[in-house]
Amino acid sequence: MAIVTFAGLLPLAAGCYQASKGSPDQKATAAKQTEAPSVIVIKPKRMTLHWTTQGPGYVQAFEQTPIFAKIAGYVQKWHVDIGDHVAEGKVLAELWIPEMEVELKQKEALVAQAEAERKLARETVAVAQAEYRRNKSQFERLTGIGQKGALDKENVDETRLAFEASTARLAMARADVDVKEARLEVAKQNRDQTKTLLGYTQLTAPFAGVVTRRNINTRDFVQPPTAGKGEPLYIVERRDIMRVFVPVPEADAPWVVKGTPARIRVQALAGRELNGKVDRTSYSLDRAAHTLLAEIDLPNPDDWLRPNMYAYAFLTVQQPNALTLPDSAIVNQGDVTKGYETYCFVVEDGKLRRTLVQTGTRASGRVEVLKKQEKSGETARWVDFTGDELIVQDNLSSLSDGQAVIVSTGDK
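Throughout this description, residue numbers start from 1 for each chain and increase along the sequence as written. In view of the model being predicted, local features appear only for residues whose pLDDT reaches at least 70, and side-chain atom pairs are presented and counted only at 80 or more, with totals across whole chains, interfaces and linings using the full set of residues. Just so you know, side-chain values use all the structure's heavy atoms and leave hydrogens and water out.

Colleague: What exactly am I supposed to notice about the overall build of the chain here?
Modeller: Secondary structure elements follow DSSP: runs of H or I no shorter than four residues count as helices, runs of E no shorter than two count as strands, and numbering proceeds from the N terminus. Scanning the chain from N- to C-terminus turns up 4 helices and 22 strands. Scored against the burial criterion, the 412 residues of the chain give a buried share of 32%. Two residues form a contact once any of their heavy atoms are found within 4.5 Å. Residue pairs at least 24 apart in sequence account for 74% of intrachain contacts in the chain once pairs closer than 6 positions are excluded. Element-wise, carbon and sulfur atoms account for 53% of the exposed surface of the chain, whose accessible area totals about 25,500 Å². Burial classification: accessible surface area is computed with a 1.4 Å probe over protein chains only, and a residue below 20% of its type maximum counts as buried, one above 50% as exposed, and the rest as partly exposed. Per-residue accessibility takes into account occlusion by the displayed protein chains alone, with areas from the Shrake-Rupley method and a 1.4 Å probe.

Colleague: Just to check I follow, could you spell out the pairing of strand 20 (residues 379-384) for this structure?
Modeller: A regular strand places its side chains so that they alternate between the two faces of the sheet. Two elements, strand 19 (residues 366-376) and strand 20, share 6 bridges in a ladder whose sense is antiparallel. Bridge pairing links Q373 to W382 in strand 20. Following DSSP output, two strands are said to pair if at least two bridges run between them. What sits between the antiparallel neighbours strand 19 and strand 20 is a turn of 2 residues, in which G377 has the positive phi angle 70°.

Colleague: Whenever I open this one, unusual backbone geometry confuses me. Can you help?
Modeller: With glycine set apart, most residues show a phi of negative sign, and most peptide bonds adopt trans. Not every positive phi belongs to a glycine, and D349 is a case in point at roughly 55°. Structurally, D349 is set in the loop between strand 17 (339-348) and strand 18 (351-363). Positive phi, close to 55°, is recorded for N395, a residue that is not glycine. Summarising the element assignment, N395 is placed in the loop between strand 21 (391-392) and strand 22 (406-409).

Colleague: Just to check I follow, could you spell out the sheet that holds strand 4 (residues 73-78) for this structure?
Modeller: Each strand in a sheet pairs with its neighbour through backbone hydrogen bonds, running either in the same direction (parallel) or in the opposite one (antiparallel). Judged by pairing direction, the sheet is antiparallel, and its 4 strands sit side by side in the order 7-6-4-9 without closing on themselves. Only two strands of the sheet have a single partner each, and these edge strands are strand 7 (202-204) and strand 9 (221-222). Taken together, the 2 bridges between strand 4 and strand 9 define a ladder with antiparallel strand orientation. Among the inter-strand pairings, G73 is bridged to a residue of strand 9, identified as V222.

Colleague: How do you make sense of the environment of Y200 when you look at a structure like this?
Modeller: Relative to the assigned elements, Y200 resides in the loop between helix 4 (153-199) and strand 7. Along the sequence, Y200 and K70 sit 130 residues apart, while their C-alpha atoms lie 6.2 Å from each other.

Colleague: Honestly, the environment of P224 in this entry has me stumped. Any pointers?
Modeller: Note on placement: P224 falls in the loop between strand 9 and strand 10 (234-237). Taking the C-alpha atoms as reference, P224 lies 6.6 Å from F68; in sequence the two are 156 residues apart. Setting aside chain neighbours within four positions, we find P224 in contact with A69, K70, I71 and A72.

Colleague: Could you clarify how one ought to interpret the sheet that holds strand 3 (residues 64-67) in this entry?
Modeller: Strand order in this open sheet of 4 strands is 3-10-8-5, and the pairing throughout is antiparallel. Either end of the sheet is taken by a strand with one partner, and the two such strands are strand 3 and strand 5 (85-86). As judged from the 4 bridges shared by strand 8 (residues 209-214) and strand 10, these two strands associate in the antiparallel manner. When the sheet's bridge partners are listed, V211 is paired in strand 10 with V236.

Colleague: I'm lost on the side chain of R366 in this one. Help?
Modeller: Along the chain, the position of R366 falls in strand 19. The positive count covers Lys and Arg only, the negative count covers Asp and Glu only, and His and the chain ends enter neither. Should a side-chain nitrogen of Lys or Arg be within 4 Å of a carboxyl oxygen of Asp or Glu, the pair is scored as a salt bridge. Of the side chains bearing the opposite charge, D327 lies closest to the buried R366, which forms no salt bridge; the N-O distance is 8.1 Å.

As structure tokens, then:
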């Protein structure tokens, strides 16, 4: 019985021994699994990134001026209405201020009076000069006679006193002329001030443009605006040049500068596209919206553009001298609860090192790389990219930190 059992177990033992050795196919599969994968590596590349930032905007007149009254008065006549095209200096309306017209006549009369007084003062100087010359001549003649003893001293002294008196009167007459001329100048200034105020009775266009609002009628009483300004009498807007206002997102704000190329689509013009450039920016961002205001000037010779039209802008932005990698070489991983991290695989001594990176601008299939994290034991620090790193180009999902790889060079 024991012999039979042992004999029956011999084939089973032989089968177990044969299975432990394995077949040739199984050995090949195991060897393939332990073989190092081949990866393509590249180095960070410096280049100019180009991308387009786009967003809605709106059209405004290059200049828009509200017209207010400088002085209180009545509307005597208005000459233009909304939609009228006006030249620079065109009279829009005229005001009537009766009391100021009377005041001007009074001040003109004061000017005439001052001129007459100045004329009289000058004639008084002429009389004083004649008297002065006569007394001087008489004094000199009698002084000579008195020195010869032909005239007593009292007569000579009397003639001297008369000469001195005429000298004083001449000086006073000349001073009076100066006073009268000063009074005349004051009178003229007062008159001119009233004339200047009356000049404000004509409301004129500040530039060539179009009237977009009229808020006056004949015999309306108008007066200067208070601190709140109030409603303007007219609004005049330029039409030869229009401005397109475009709010630029904060991420693109540093790269939108004067001269940035722009394409503008105006919805009301059936998608017509206009080319221009950024002429100015606000520099400071809006605190609430975190956008930078960019302005684009567009000529408007055919009057197609109108204020407050809706527009859509495309700004072609560029960032020079950026150190970049292709998108395929960067992995963004994580979620809201655990947080996000960005990394790439750096090849060092034939092995992969999973390296955290800080990135910047993304454009045209490339990513700007700013910093990489280097670890030394338990310490980690952020350092700049040198540009000589060997970075795995793509197919990162099957790779792991510390894995040995076979390296070949890419061209991206």
